[in-house]
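Report on the structure
One-letter residues, chain by chain:
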Amino acid sequence: MKYGFIGCGNMGGAVATALSASTKDIALSDRSGKGKALADRLGISYATPAEIAENCDRIFLAVKPHMMEGVLSPLQPMFARKKPLLITMAAGLSTAQIQSFAGTSLPIIRIMPNTPTAIGKGVIPYCCNDLVEEATLSDWLSDMIPCGLLDALDESLIDAATALSGSGPAYMYLFLESLADGAVSCGIPRAKAYEYAAMTMVGAAEMYLSTKQHPGALKDAVCSPGGSTIAALRVLENYKFRAAAMECIIAAYQKNKDLGK
Ligand SMILES: NC(=O)c1ccc[n+]([C@@H]2O[C@H](COP(=O)([O-])OP(=O)(O)OC[C@H]3O[C@@H](n4cnc5c(N)ncnc54)[C@H](OP(=O)(O)O)[C@@H]3O)[C@@H](O)[C@H]2O)c1
């Protein structure tokens, strides 16, 4: 089998969902059996982790970082025999740590996806160890197209990217919910408030991506002198919105670095 997943919860499930648009040659595995329903829904296989290690050429590792060593160590004899490509998405764990948990030298790709991957809108920085061959990488990148943006990044920066795009959807949902709560306070019905807030986030993001204008210039274009937008921005500045956003990324980065210790 081409692809296997060890773990298919929030993130593994999101990647498997998108990948299944490229190929159905995928098997999922987990601990509880919950992944069977997802496999059935996607029209792919369900197996045990040992069967995945035995039969799959490329294996996504999607268990929690603190569980990785315990999950991989019983699979070491199969890894030594079959030499699969491992694709790890565990926050904070380096390719070198994954190799040591796997117990043998293997090609390893480290990815840092985010949950919008499930709908093809993921941001997925990746890096590879020296054993990943060019042809394998290019075939894998082609299979991953339905996941969203894949971008090569030096491994030393993956923890920082994890703090930005890996955790980022949670920051966006908090902001979206807060904006909508404000609008509901002003009388807008709840469903409309979520929809307007979400579409405003999408529109602003797409405006930046298509124009590549400086975010400050795009912001200035919304602010009429003496108007309501600049009055609103004064409130965000008074509540230290910029500092909070910067500190939240730095806190997540520090935590990611600690996970790998
Ligand atoms: N969530 C995110 O937004 C995000 C973003 C970037 C990276 N990541 C990374 O993705 C990985 C998974 O995170 P998650 O949020 O998807 O966690 P999750 O929802 O808790 O999923 C973990 C998966 O691992 C399975 N699992 C646990 N023990 C296992 C075992 N012994 N053998 C086989 N499978 C086992 C679980 O199966 P059961 O359900 O049966 O217990 C579940 O399918 C983590 O390393 C995390 O750092 C997550």
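Everything discussed here concerns the structure shown above.
In this report, we go over the structure that sits alongside the text. Note that the structure is predicted; figures quoted are calculated from it, not measured. (Residues numbered from 1 in each chain as written. Predicted model: local features only at pLDDT ≥ 70, side-chain atom pairs only at ≥ 80, totals over all residues. Heavy atoms only, no water.)

Positive phi outside glycine occurs at K83, with the angle close to 50°. Its location among the elements puts K83 in the loop between α5 (76-82) and β5 (85-88). Despite not being glycine, K240 has its phi angle at roughly 60°, a positive value. Examined against the element boundaries, K240 turns out to sit in the loop between α12 (228-238) and α13 (241-259). (Helix = DSSP H or I, 4+ residues; strand = E, 2+ residues; numbered from the N terminus.)

Let us look at the packing of helix α8 (residues 158-166) against helix α9 (residues 168-185). Running from N to C, α8 and α9 cross one another at 30°; their axes reach a closest spacing of 5 Å. It follows from the interaxial angle that α8 and α9 lie roughly parallel. In this structure, α8 uses A163, L164, S165 and G166 to contact α9, whose residues at the interface are G168, P169 and Y171. For the contact of α8 with α9, the residue count by class is four nonpolar, three polar and no charged. (Axes fitted to C-alpha atoms, helices over the stretch in contact; angles between N-to-C directions. Parallel < 35°, antiparallel > 145°, perpendicular 65-115°, else oblique. Contact = heavy atoms within 4.5 Å. Nonpolar A, V, L, I, M, F, W, Y, C, P; charged D, E, K, R; others polar.)

Right, let's get into the environment of V63. Here V63 is to be found in the loop between β4 (58-61) and α4 (68-72). Taking C-alpha positions, V63 is 18 Å from I158, a pair spaced 95 residues apart along the chain. With residues up to four places along the chain from it excluded, the contact list for V63 reads I6, G7, M68, V71 and A90.

The next point concerns the environment of G203. Mapped onto the elements, G203 comes out in helix α10 (residues 190-211). Residue classification places G203 among the partly exposed residues on the basis of a relative accessible area of 35%. (Buried < 20%, exposed > 50% of the residue type's maximum accessible area, 1.4 Å probe, protein only.)

One open sheet accounts for eight strands, arranged β3-β2-β1-β4-β5-β6-β7-β8; its pairing is mixed. Edge positions in the open sheet fall to β3 (45-46) and β8 (148-152), since each of these has one partner strand only. One ladder, built from four bridges, connects β4 with β5; its direction is parallel. Bridge assignment links F60 to a residue of β5, and that residue is I87. Sitting on the sheet, helix α6 (residues 95-102) touches β4, β5 and β6 (108-111), and the angle it makes with β6 is about 130°. Docked against the sheet, α8 engages β6 and β7 (122-128), running at close to 170° with respect to β7. (Pairing = 2+ DSSP bridges.)

A side chain with one charge can pair with a side chain of the opposite charge if their charged atoms come near. Within the structure shown, the criterion is met by twelve salt bridges. We note a salt bridge from R110 to D159, for which the minimum N-O separation is 3.1 Å. Linking R110 in strand β6 with D159 in helix α8, this pair joins segments that are 49 residues apart in sequence. With relative accessibility at 3%, the residue R110 sits in the buried group. (Salt bridge = Lys/Arg side-chain N within 4 Å of Asp/Glu carboxyl O.)

Residues lying three or four places apart along an α-helix face the same way, a consequence of the helix completing one turn every 3.6 residues. Taken together, the buried positions of helix α7 (residues 134-143) are occupied by L137, W140 and D143. All buried residues of α7 project into a common sector of 125° when viewed along the axis, lining one side. Exposed side chains of α7 directed beyond 90 degrees from the buried face belong to E134 and A135. (Arc of directions from axis to C-beta.)

Near the ligand you find 23 residues, and of these N10, M11, S32, V63 and A91 are the closest. One of the backbone N or O atoms of C8 is found 2.9 Å from an oxygen atom in the ligand. Taking R31, its side chain carries an N or O atom lying 2.9 Å from an oxygen atom of the ligand. Surface burial for the ligand is 82%, taken as the share of its 900 Å² of free accessible area covered by protein chains. It is helix α1 (residues 10-19) that contributes the most residues to the shell around the ligand, three residues altogether. Its residues assigned to classes, the shell around the ligand shows 13 nonpolar, six polar and four charged. (Near = heavy atom within 4 Å. Polar contact = N/O pair within 3.5 Å; in protein donor to acceptor, adjacent residues only side chain to side chain. Areas by Shrake-Rupley, 256 points an atom, 1.4 Å probe, with all protein chains shown as cover.)

Side chains L85 and I87 of β5 all project onto a buried face; the interleaved residues L86 and T88 project onto the opposite face, where all are buried too. Note: β5 against β6, three bridges, orientation parallel. Each bridged residue has a counterpart across the sheet, and for T88 the counterpart in β6 is R110. One crossover worth recording links β5 to the parallel β6 by way of α6, and it is right-handed. (Right-handed = clockwise from strand over helix to strand, strands pointing away.)

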